[in-house]
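For reference, the chains in residue letters:
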Amino acid sequence: MTRFTVITITYNAADVLERTLDSVLRQSYPDVEHLIVDGASTDGTLPLAEAYKTRSDDAEGGHTVIIHSEPDHGIYDAMNKGLSQASGDYVVFMNAGDFFPTADTLQQIAHNCHLNEKASDQLPAVLYGNTDIVDNEGRYLRPRRLQPPRELNWRSFRQGMLVCHQAFYARTDLAKNLPFDTRYRFSADVDWCIRVMREADRLGLALSNAGQVVACYTEEGTTTRNHRASLLERYRIMARHYGHVSTILMHCWFVVRAVFK
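What counts, and where the lines are drawn
Residues numbered from 1 in each chain as written. Predicted model: local features only at pLDDT ≥ 70, side-chain atom pairs only at ≥ 80, totals over all residues. Heavy atoms only, no water. Helix = DSSP H or I, 4+ residues; strand = E, 2+ residues; numbered from the N terminus. Contact = heavy atoms within 4.5 Å. Core = buried A, V, L, I, M, F, W, Y, C linked by side-chain atoms within 4.5 Å. Buried < 20%, exposed > 50% of the residue type's maximum accessible area, 1.4 Å probe, protein only. Phe/Tyr/Trp six-rings, centres within 6.5 Å; stacked < 30°, edge-to-face > 60°. Axes fitted to C-alpha atoms, helices over the stretch in contact; angles between N-to-C directions. Parallel < 35°, antiparallel > 145°, perpendicular 65-115°, else oblique. Left-handed = near helix turned anticlockwise from the far one by under 90°. Nonpolar A, V, L, I, M, F, W, Y, C, P; charged D, E, K, R; others polar. Pairing = 2+ DSSP bridges.

1. Topic: the side chain of Thr2
Right, so step 1: Within the fold, Thr2 resides in the segment before strand E1 (4-10).
Right, so step 2: Once residues within four sequence positions are removed from consideration, Thr2 is found in contact with Tyr29, Asp31, Asp89, Tyr90, Cys113 and Leu123.

2. Describing the nonpolar core
For soluble globular proteins, the rule of thumb is that nonpolar side chains tend to be buried together.
Right, so step 1: Counting 69 residues, the largest nonpolar core has Phe4, Phe157, Phe168, Tyr169 and Trp192 as the members making the most contacts within it.
Right, so step 2: Among the elements that take part in this core, helix H6 (residues 188-203) stands out by supplying 8 residues, more than any other.
Right, so step 3: Sequence-distant contacts of Tyr169, that is, excluding residues within four places in its chain, are made with Phe4, Tyr90, Val91, Val92, Phe100, Leu106, Ile109, Ala125, Val126, Leu127 and Val214.

3. Looking at the packing of aromatic side chains
Right, so step 1: Scanning the entire structure with this criterion turns up 9 aromatic pairs.
Right, so step 2: Judged by centre distance (6.3 Å) and plane angle (35°), the ring pair of Phe4 and Tyr90 falls under tilted. Here the residue Phe4 occupies a position in strand E1, and Tyr90 occupies one in strand E4 (residues 90-93), the gap between them amounting to 86 residues.
Right, so step 3: Among the residues examined, Tyr90 registers a relative accessible area of 0% and is labelled buried.
Right, so step 4: Judged by centre distance (5.8 Å) and plane angle (25°), the ring pair of Tyr76 and Phe180 falls under stacked. One end of the pair, Tyr76, is in helix H3 (residues 75-85); the other, Phe180, is in the loop between helix H5 (172-175) and H6, with 104 residues separating them in the sequence.
Right, so step 5: Under the relative-accessibility criterion, Tyr76 is labelled buried at 7%.
Right, so step 6: The exposure class of Phe180 is buried, given its relative accessible area of 4%.
Right, so step 7: One aromatic cluster is present, formed by Tyr76, Phe93, Phe168, Phe180 and Trp192 through successive ring pairs.

4. As for the packing of helix H1 (residues 14-25) against helix H2 (residues 45-58)
Helix packing geometry: the angle between the two helix axes and the distance between the axes.
Right, so step 1: Two numbers describe how H1 lies on H2: the axes approach to 10 Å, and their chain directions differ by 15°. Between H1 and H2, the angle is such that the two are roughly parallel. The two elements H1 and H2 meet at a crossing, and its hand is right-handed. Here H1 contributes Ala14, Leu17, Glu18, Leu21, Asp22, Val24 and Leu25 to the contact with H2, which in turn contributes Thr45, Leu48, Ala49, Tyr52, Arg55 and Ser56.
Right, so step 2: A class-by-class count of the residues in the contact of H1 with H2 yields 8 nonpolar, 2 polar and 3 charged.

5. Things to note about the pairing of strand E2 (residues 32-38)
Right, so step 1: With 7 of 7 residues buried, E2 lies mostly within the body of the structure.
Right, so step 2: Here E2 shows a buried face lined by Val32, His34, Ile36 and Asp38 and a second buried face lined by Glu33, Leu35 and Val37.

6. Observations regarding the pairing of strand E5 (residues 126-134)
The side chains of a regular strand alternate, first on one face of the sheet and then on the other.
Right, so step 1: Taken across its 9 residues, E5 has 8 buried, putting it largely inside the fold.
Right, so step 2: Strand direction decides the pairing type here: E5 and strand E7 (residues 168-171), joined by 3 bridges, are antiparallel. Opposite Tyr128, over in E7, you have Phe168 as the bridge partner.
Right, so step 3: For E5 and strand E8 (residues 207-218), the ladder comprises 8 bridges, and the chain directions are parallel. Residue pairing across strands places Leu127 opposite Ser208, the latter belonging to E8.
Right, so step 4: Where E5 lies against strand E6 (residues 140-143), 3 bridges are found, and the strand directions are antiparallel. Pairing of Ile133 across the sheet is with Arg142, part of E6.
Right, so step 5: Between E5 and the antiparallel strand that follows it, E6, lie 5 residues; Gly138 among them carries a positive phi value of about 85°.

7. Some words on H3
Right, so step 1: Across the 11 residues of H3, 8 count as buried, placing the element largely inside the fold.
Right, so step 2: Considered for burial, the residues of H3 that qualify are Tyr76, Asp77, Ala78, Met79, Asn80, Lys81, Gly82 and Leu83.
Right, so step 3: Residues of H3 that are buried in the fold lie against E1, E2, E4, H5 and H6.

Keep in mind these numbers describe shape, not what the thing actually does.
Now the structure itself:
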């Protein structure tokens, strides 16, 4: 049975964390490890996490919940801590405020993974799907503007981050060898996804589309609040992977698309 590691990064996130924890707890799929990596919160985050762990421990067929809290050097440092502890076949980052859309989301993703493994005798390098945007109360707003293509490869991200990291399940054995580059403050997840997909291409491993919404997330994150700095950082990442000429041409297209959409 495919095992999933869900990693939740928290820091003073008591106001949004409960919906994330509840969505993991209600997953019908049994083989789930949930790592909560906290940056030494001073609000009610840790009591919420501890109460959730107790609920999960007491539930029949409950998931494995591990809580780790200490100061970190930012979100991507915390995400690397989570990666180093992950023991599942796949790892996904479902941060505070993010949540699974249905109780059988992981069940459906595991089914898709099983079908792909039977077809190729190898676990896909990446399982991915669509994402919905919600407001700060967790209410549905709209589908994410950028949606994944039917067939994804590492070059696909020249068009932008077509799959957000909440909908990107990386094989843990690959992910552990490709930690987040903490030199990036806002967009290390873009760089990480590209590097994971490039490694999949090198190894001849599949990227499998779940064909459904697999995550809900709020737009109001660190990247949104630091929009200009994030865009500049993303440009550097894109140029690093795809070259300056290709990146400049694609950004010209982004402007045209925004004007005429």
